[in-house]
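Below, each chain spelled out in residue letters.
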Amino acid sequence: MEFSNLSIHLSSTFTKDEFEEWVVLCWSIWLARNHLIFCHTISEPHAIVARAANAVNSYRDNVLQRGTNKSINPKTPSPGWQSPPLPWYKVNINAAVSSKEARAGIGMLIRNSQGEVMAASNCREISTDNIEFLEALAIQKGIQLAKDIGLVLAITESNSLNVVNLINNKIHNRCEVGWLISNIQEALSSSKSAFQVNHTPRSCNEAAHHLAKLVICNSKERVWLEEAPTEISAYICKDKSM
């Protein structure tokens, strides 16, 4: 049976959710096939399935979130960054990927209740299809940076809802990021500091996002103390004015 005929048959046999999952799984298999042919990399079967599950769950979360936002107020403007309450600090993290450069970047930005920069850092990582792995890695590195500069009260924010929910045990671990999530949870529970991991919209995370992109394009890995690179100063000033 040709693939097109099989698709038509399954669309009338499966439920809507089952058909969506089957289509995305086919896409994930096709992507693994392309990686094998053009990049000579082999994807493990569990990774192919996990990538498909991640894509489906992310799509459904986004659809649900958009529907919720529209039902509340379709004209509500995008929220902006909010400073943490005293005596807390806020750690914004983000991962950015460049398929052209085959590299990924992680950005970490720590600010106080006045919006002043306490520390900033970015680092390069090998690009991967699993953006959630990179987001989890960014959270782990952001927490470690906060510990390194001696913070004891810190709120870590990521715009990856799935990863934040995994860390806070709101959804079950996925095999590809499960071990990293467990390491983060262990670091949070064993620390003498009070650390939280919260979700934030992308509009509240622009400074960290551009800090991550910076290390991909034209910057070496760096750490800044009580300052940030001038390339993201406009985003920091915008956040401070909110």
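As shown above, the structure is provided for reference.
Here is what the cut-offs are and how they apply
- Residues numbered from 1 in each chain as written.
- Predicted model: local features only at pLDDT ≥ 70, side-chain atom pairs only at ≥ 80, totals over all residues.
- Heavy atoms only, no water.
- Helix = DSSP H or I, 4+ residues; strand = E, 2+ residues; numbered from the N terminus.
- Buried < 20%, exposed > 50% of the residue type's maximum accessible area, 1.4 Å probe, protein only.
- Contact = heavy atoms within 4.5 Å.
- Areas by Shrake-Rupley, 256 points an atom, 1.4 Å probe, with all protein chains shown as cover.
- Salt bridge = Lys/Arg side-chain N within 4 Å of Asp/Glu carboxyl O.
- Patch = residues over 30% accessible without salt bridge, like charges linked within 9 Å, V, L, I, M, F, W, Y side chains within 5 Å.
- Expected span 1.5 Å × (residues − 1).
- Polar contact = N/O pair within 3.5 Å; in protein donor to acceptor, adjacent residues only side chain to side chain.

Caption draft 1: View of the overall build of the protein chain. Along the protein chain, the regular secondary structure elements total eight helices and six strands. Its helices and strands in sequence order give the protein chain the pattern α-α-α-β-β-β-α-β-α-α-β-α-β-α, from N to C terminus. A buried classification covers 42% of the 242 residues belonging to the protein chain. Residue pairs at least 24 apart in sequence account for 69% of intrachain contacts in the protein chain once pairs closer than 6 positions are excluded. In the form shown here, the protein chain has an accessible surface area of approximately 13700 Å², with 56% of it arising from carbon and sulfur atoms.

Caption draft 2: Examining the environment of Ser7 more closely. Structurally, Ser7 is set in helix α1 (residues 3-13). Residue classification places Ser7 among the buried residues on the basis of a relative accessible area of 15%. Along the backbone, Ser7 and Phe19 are 12 residues apart, and their C-alpha atoms lie at a distance of 8.8 Å.

Caption draft 3: Region of the structure containing the pattern of salt bridges. For the structure on display, the rule yields five salt bridges. One salt bridge connects Lys16 with Glu20, and the closest N-O pair in it is separated by 2.6 Å. With Lys16 and Glu20 both in helix α2 (residues 16-39) and four residues apart, the pair spans about one turn of that helix. Notably, a salt bridge pairs Glu206 with Lys238, separated by 3.3 Å at the nearest N-O pair.

Caption draft 4: How the structure looks around the side chain of His209. Within the secondary structure, His209 is located in helix α7 (residues 206-217). When neighbours within four sequence positions are excluded, His209 is seen to be in contact with Asn94, Ala96 and Arg202.

Caption draft 5: Just a nonpolar patch on the surface, in detail. Taken together, the side chains of Leu36, Ile37, Phe38 and Ile42 define a hydrophobic patch exposed on the protein surface, amounting to about 460 Å² of accessible area. Relative to the helices and strands, Ile42 resides in the loop between α2 and α3 (45-72).

Caption draft 6: How the structure looks around helix α4 (residues 131-148). Here α4 contains 18 residues, and its C-alpha end-to-end distance of 25 Å stays within 8% of the 26 Å for a straight helix at 1.5 Å per residue. Of the positions making up α4, those classed as buried are Glu132, Leu134, Glu135, Ala136, Leu137, Ala138, Ile139, Gly142, Ile143, Leu145 and Ala146. Of the residues that open α4, the one with a side-chain oxygen 3.2 Å from the backbone nitrogen of Glu132 is Asn130. One or two positions beyond α4, positive phi appears at Gly150, with a value near 85°.

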